[in-house]
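# Structural characterization, general
Letter by letter, the chains look like this.
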Amino acid sequence: MNDMNLVFKGENSQALTNSLLVAEKFGKTHEHVVRDIDCILEKIQDVDNQCYPNLDERQSMFELYLDDVPLPNGGFKKAKRYVMNRDGFTLLAMGFTGKRAMKFKLDYIAAFNAMENELKKPKQMTLSEQLLMQAQFNIEQEKRISAVEQRLDKMDNEREENERLLLAATLF
(Lines give C-alpha, C1' and ligand atoms only; values in the text may rest on other atoms or scores of the structure.)
Protein backbone atom coordinates (compact mmCIF):
# COMPACT_ATOMS: atom_id res chain seq x y z
CA MET A 1 0.00 0.00 0.00
CA ASN A 2 1.32 3.42 -0.98
CA ASP A 3 1.70 5.78 2.01
CA MET A 4 -0.32 8.48 0.26
CA ASN A 5 -3.26 6.03 0.19
CA LEU A 6 -3.39 6.21 3.99
CA VAL A 7 -4.87 9.67 3.84
CA PHE A 8 -7.71 10.86 1.69
CA LYS A 9 -9.42 14.19 1.15
CA GLY A 10 -12.73 14.69 2.96
CA GLU A 11 -15.66 16.92 1.97
CA ASN A 12 -14.16 20.06 3.52
CA SER A 13 -10.67 19.45 2.16
CA GLN A 14 -9.79 17.80 5.45
CA ALA A 15 -7.17 15.05 5.53
CA LEU A 16 -8.79 11.83 6.83
CA THR A 17 -8.16 8.11 7.24
CA ASN A 18 -10.36 5.19 8.32
CA SER A 19 -10.31 2.21 10.65
CA LEU A 20 -9.75 -0.29 7.82
CA LEU A 21 -6.59 1.47 6.65
CA VAL A 22 -5.29 1.70 10.22
CA ALA A 23 -5.95 -2.00 10.83
CA GLU A 24 -4.22 -2.97 7.60
CA LYS A 25 -1.17 -0.80 8.20
CA PHE A 26 -0.73 -1.89 11.83
CA GLY A 27 -1.35 -5.56 11.07
CA LYS A 28 -4.27 -5.65 13.51
CA THR A 29 -7.72 -7.09 13.06
CA HIS A 30 -10.31 -4.50 12.18
CA GLU A 31 -12.41 -5.63 15.14
CA HIS A 32 -9.57 -4.73 17.52
CA VAL A 33 -9.18 -1.28 15.98
CA VAL A 34 -12.95 -0.67 16.27
CA ARG A 35 -12.82 -1.89 19.89
CA ASP A 36 -9.99 0.55 20.63
CA ILE A 37 -11.91 3.45 19.06
CA ASP A 38 -15.04 2.54 21.02
CA CYS A 39 -12.91 2.55 24.18
CA ILE A 40 -11.52 6.00 23.33
CA LEU A 41 -15.04 7.33 22.77
CA GLU A 42 -16.14 5.98 26.16
CA LYS A 43 -13.15 7.60 27.86
CA ILE A 44 -13.90 10.92 26.16
CA GLN A 45 -17.37 10.81 27.75
CA ASP A 46 -15.72 10.56 31.18
CA VAL A 47 -13.58 13.68 30.68
CA ASP A 48 -14.66 16.74 32.68
CA ASN A 49 -16.41 19.14 30.26
CA GLN A 50 -15.31 22.17 32.27
CA CYS A 51 -11.66 21.33 31.74
CA TYR A 52 -12.22 20.72 28.03
CA PRO A 53 -14.86 23.13 26.72
CA ASN A 54 -14.49 21.88 23.13
CA LEU A 55 -15.41 18.31 24.02
CA ASP A 56 -18.04 18.15 21.27
CA GLU A 57 -15.33 18.90 18.70
CA ARG A 58 -13.25 16.07 20.15
CA GLN A 59 -16.11 13.65 19.71
CA SER A 60 -16.25 14.51 16.00
CA MET A 61 -12.75 13.10 15.58
CA PHE A 62 -14.36 9.74 14.80
CA GLU A 63 -17.37 9.31 12.56
CA LEU A 64 -19.12 5.96 12.67
CA TYR A 65 -20.65 4.43 9.57
CA LEU A 66 -22.03 0.98 8.87
CA ASP A 67 -20.87 -1.01 5.88
CA ASP A 68 -22.50 -4.08 4.31
CA VAL A 69 -20.03 -6.97 4.50
CA PRO A 70 -20.80 -10.08 2.42
CA LEU A 71 -21.18 -13.34 4.34
CA PRO A 72 -19.61 -16.57 3.00
CA ASN A 73 -23.01 -18.30 2.75
CA GLY A 74 -24.65 -15.31 1.04
CA GLY A 75 -26.31 -12.24 2.43
CA PHE A 76 -24.74 -9.34 4.24
CA LYS A 77 -24.09 -8.18 7.77
CA LYS A 78 -23.62 -4.62 9.01
CA ALA A 79 -20.07 -3.89 10.16
CA LYS A 80 -18.90 -0.85 12.11
CA ARG A 81 -16.35 1.36 10.42
CA TYR A 82 -14.86 4.69 11.49
CA VAL A 83 -13.55 7.63 9.53
CA MET A 84 -11.17 9.76 11.58
CA ASN A 85 -9.35 13.02 11.29
CA ARG A 86 -5.79 13.65 12.42
CA ASP A 87 -6.82 14.15 16.05
CA GLY A 88 -8.75 10.89 16.10
CA PHE A 89 -5.88 9.01 14.54
CA THR A 90 -3.43 10.54 17.01
CA LEU A 91 -5.53 9.42 19.97
CA LEU A 92 -5.82 5.94 18.52
CA ALA A 93 -2.19 5.55 17.45
CA MET A 94 -0.85 6.77 20.80
CA GLY A 95 -2.14 3.53 22.27
CA PHE A 96 -0.36 1.30 19.74
CA THR A 97 3.20 0.12 20.46
CA GLY A 98 5.96 -1.76 18.73
CA LYS A 99 8.27 -1.26 15.77
CA ARG A 100 5.49 -1.51 13.20
CA ALA A 101 3.43 1.04 15.13
CA MET A 102 6.35 3.50 15.27
CA LYS A 103 7.00 3.14 11.53
CA PHE A 104 3.33 3.67 10.82
CA LYS A 105 3.18 6.78 13.01
CA LEU A 106 6.12 8.28 11.15
CA ASP A 107 4.66 7.34 7.75
CA TYR A 108 1.32 8.77 8.77
CA ILE A 109 2.80 12.09 9.85
CA ALA A 110 4.57 12.30 6.48
CA ALA A 111 1.34 11.47 4.61
CA PHE A 112 -0.68 14.09 6.50
CA ASN A 113 2.00 16.70 5.90
CA ALA A 114 2.13 15.90 2.18
CA MET A 115 -1.67 16.09 1.89
CA GLU A 116 -1.80 19.40 3.76
CA ASN A 117 0.92 20.83 1.50
CA GLU A 118 -1.12 19.79 -1.54
CA LEU A 119 -4.26 21.37 -0.11
CA LYS A 120 -2.43 24.64 0.61
CA LYS A 121 -1.14 25.04 -2.95
CA PRO A 122 -2.93 27.75 -4.88
CA LYS A 123 -5.49 26.29 -7.23
CA GLN A 124 -4.57 26.58 -10.90
CA MET A 125 -7.45 28.25 -12.73
CA THR A 126 -8.92 26.55 -15.78
CA LEU A 127 -9.10 28.43 -19.08
CA SER A 128 -12.84 29.01 -18.64
CA GLU A 129 -12.23 30.40 -15.11
CA GLN A 130 -9.55 32.72 -16.49
CA LEU A 131 -11.85 33.88 -19.29
CA LEU A 132 -14.70 34.48 -16.83
CA MET A 133 -12.40 36.48 -14.57
CA GLN A 134 -11.19 38.56 -17.55
CA ALA A 135 -14.78 39.16 -18.69
CA GLN A 136 -15.78 40.34 -15.21
CA PHE A 137 -12.76 42.65 -15.14
CA ASN A 138 -13.68 44.02 -18.59
CA ILE A 139 -17.27 44.69 -17.48
CA GLU A 140 -16.04 46.53 -14.40
CA GLN A 141 -13.64 48.60 -16.53
CA GLU A 142 -16.46 49.46 -18.96
CA LYS A 143 -18.61 50.66 -16.07
CA ARG A 144 -15.78 52.86 -14.80
CA ILE A 145 -15.08 54.29 -18.26
CA SER A 146 -18.78 54.97 -18.77
CA ALA A 147 -18.98 56.79 -15.44
CA VAL A 148 -15.95 58.93 -16.33
CA GLU A 149 -17.40 59.70 -19.77
CA GLN A 150 -20.70 60.78 -18.19
CA ARG A 151 -18.85 63.10 -15.80
CA LEU A 152 -16.87 64.55 -18.71
CA ASP A 153 -20.07 65.11 -20.73
CA LYS A 154 -21.63 66.83 -17.73
CA MET A 155 -18.55 69.01 -17.30
CA ASP A 156 -18.58 69.88 -21.04
CA ASN A 157 -22.27 70.85 -20.80
CA GLU A 158 -21.59 72.98 -17.72
CA ARG A 159 -18.62 74.65 -19.47
CA GLU A 160 -20.71 75.42 -22.54
CA GLU A 161 -23.49 76.82 -20.36
CA ASN A 162 -20.99 78.92 -18.42
CA GLU A 163 -19.51 80.25 -21.70
CA ARG A 164 -23.02 81.26 -22.89
CA LEU A 165 -23.78 82.96 -19.58
CA LEU A 166 -20.43 84.75 -19.64
CA LEU A 167 -20.96 85.86 -23.25
CA ALA A 168 -24.48 87.06 -22.44
CA ALA A 169 -23.19 88.98 -19.41
CA THR A 170 -20.47 90.71 -21.44
CA LEU A 171 -22.95 91.73 -24.21
CA PHE A 172 -25.24 93.58 -21.77
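Residues numbered from 1 in each chain as written. Predicted model: local features only at pLDDT ≥ 70, side-chain atom pairs only at ≥ 80, totals over all residues. Heavy atoms only, no water.

## Focus on the overall build of the chain
Along the backbone of the chain there are six helices and four strands. Listed N to C, the secondary structure of the chain is β-β-α-α-α-β-β-α-α-α in terms of helices and strands. Its C-alpha radius of gyration of 32 Å places the chain more than 25% over the 16 Å reference for a compact globule of 172 residues. Projected onto its principal axes, the C-alpha positions of the chain cover 110 × 45 × 35 Å. Counting every position in the chain, which comprises 172 residues, the buried fraction comes to 24%. Sequence-distant contacts in the chain: of pairs separated by 6 or more residues, those separated by 24 or more amount to 52%. Per element, the accessible surface of the chain, about 13000 Å² overall, is 54% carbon and sulfur. Positive and negative charge centroids in the chain, built from 24 and 28 side chains respectively, lie 9 Å apart. (Helix = DSSP H or I, 4+ residues; strand = E, 2+ residues; numbered from the N terminus. Rg over C-alpha atoms; globule rule 2.2 N^0.38 Å. Buried < 20%, exposed > 50% of the residue type's maximum accessible area, 1.4 Å probe, protein only. Contact = heavy atoms within 4.5 Å. Areas by Shrake-Rupley, 256 points an atom, 1.4 Å probe, with all protein chains shown as cover. Lys, Arg positive; Asp, Glu negative; His and termini not counted. Charge placed at Lys NZ, Arg CZ, Asp CG, Glu CD.)

## A closer look at the sheet that holds strand E1 (residues 8–9)
Two strands in a sheet stick together by hydrogen bonds in their backbones, pointing the same way (parallel) or opposite ways (antiparallel). Across the sheet, four strands lie side by side as E1-E2-E4-E3; this open sheet has antiparallel pairing. The sheet terminates laterally at E1 and strand E3 (62–70), the two strands that pair on one side only. Sitting on the sheet, helix H2 (residues 30–46) is in contact with E3 and strand E4 (76–84), with an inclination near 55° to E4. Lying over the sheet, helix H5 (residues 99–120) contacts E1 and strand E2 (15–18), oriented at roughly 140° with respect to E2. (Pairing = 2+ DSSP bridges. Axes fitted to C-alpha atoms, helices over the stretch in contact; angles between N-to-C directions.)

## Considerations on helix H4 (residues 86–94)
Buried within H4 are the following residues: Gly88, Phe89, Leu92 and Ala93. Taken end-on, H4 shows its buried residues confined to a sector of 120°, consistent with a single buried face. Among the structural elements, E2, helix H1 (19–26), H2, E3, E4 and H5 are those in contact with the buried residues of H4. Capping the start of H4 is the job of one residue whose side-chain oxygen sits 3.1 Å from the backbone nitrogen of aspartate 87: asparagine 85. (Arc of directions from axis to C-beta. Polar contact = N/O pair within 3.5 Å; in protein donor to acceptor, adjacent residues only side chain to side chain.)

## Examining the packing of aromatic side chains
One pass over the full model with this rule turns up two aromatic pairs. Residues phenylalanine 26 and phenylalanine 96 carry aromatic rings whose centres are separated by 4.4 Å and whose planes lie at 65° to one another, so their mutual orientation is edge-to-face. Note that phenylalanine 26 is positioned in helix H1 and phenylalanine 96 in the loop between H4 and H5, a separation of 70 residues in sequence. What makes phenylalanine 96 buried here is its relative accessible area of 5%. A centroid spacing of 6.2 Å and a plane angle of 80° characterise the contact between phenylalanine 62 and tyrosine 82, whose relative ring orientation is edge-to-face. Taken as a pair, phenylalanine 62 in strand E3 and tyrosine 82 in strand E4 lie far apart in primary sequence, 20 residues in all. In this pair, the class of phenylalanine 62 matches that of tyrosine 82, namely buried. Over the face of the ring belonging to phenylalanine 96 we find lysine 28, whose NZ or CZ atom lies 4.7 Å from the ring centre. (Phe/Tyr/Trp six-rings, centres within 6.5 Å; stacked < 30°, edge-to-face > 60°. Lys NZ or Arg CZ within 6 Å of the ring centre and 35° of its normal.)

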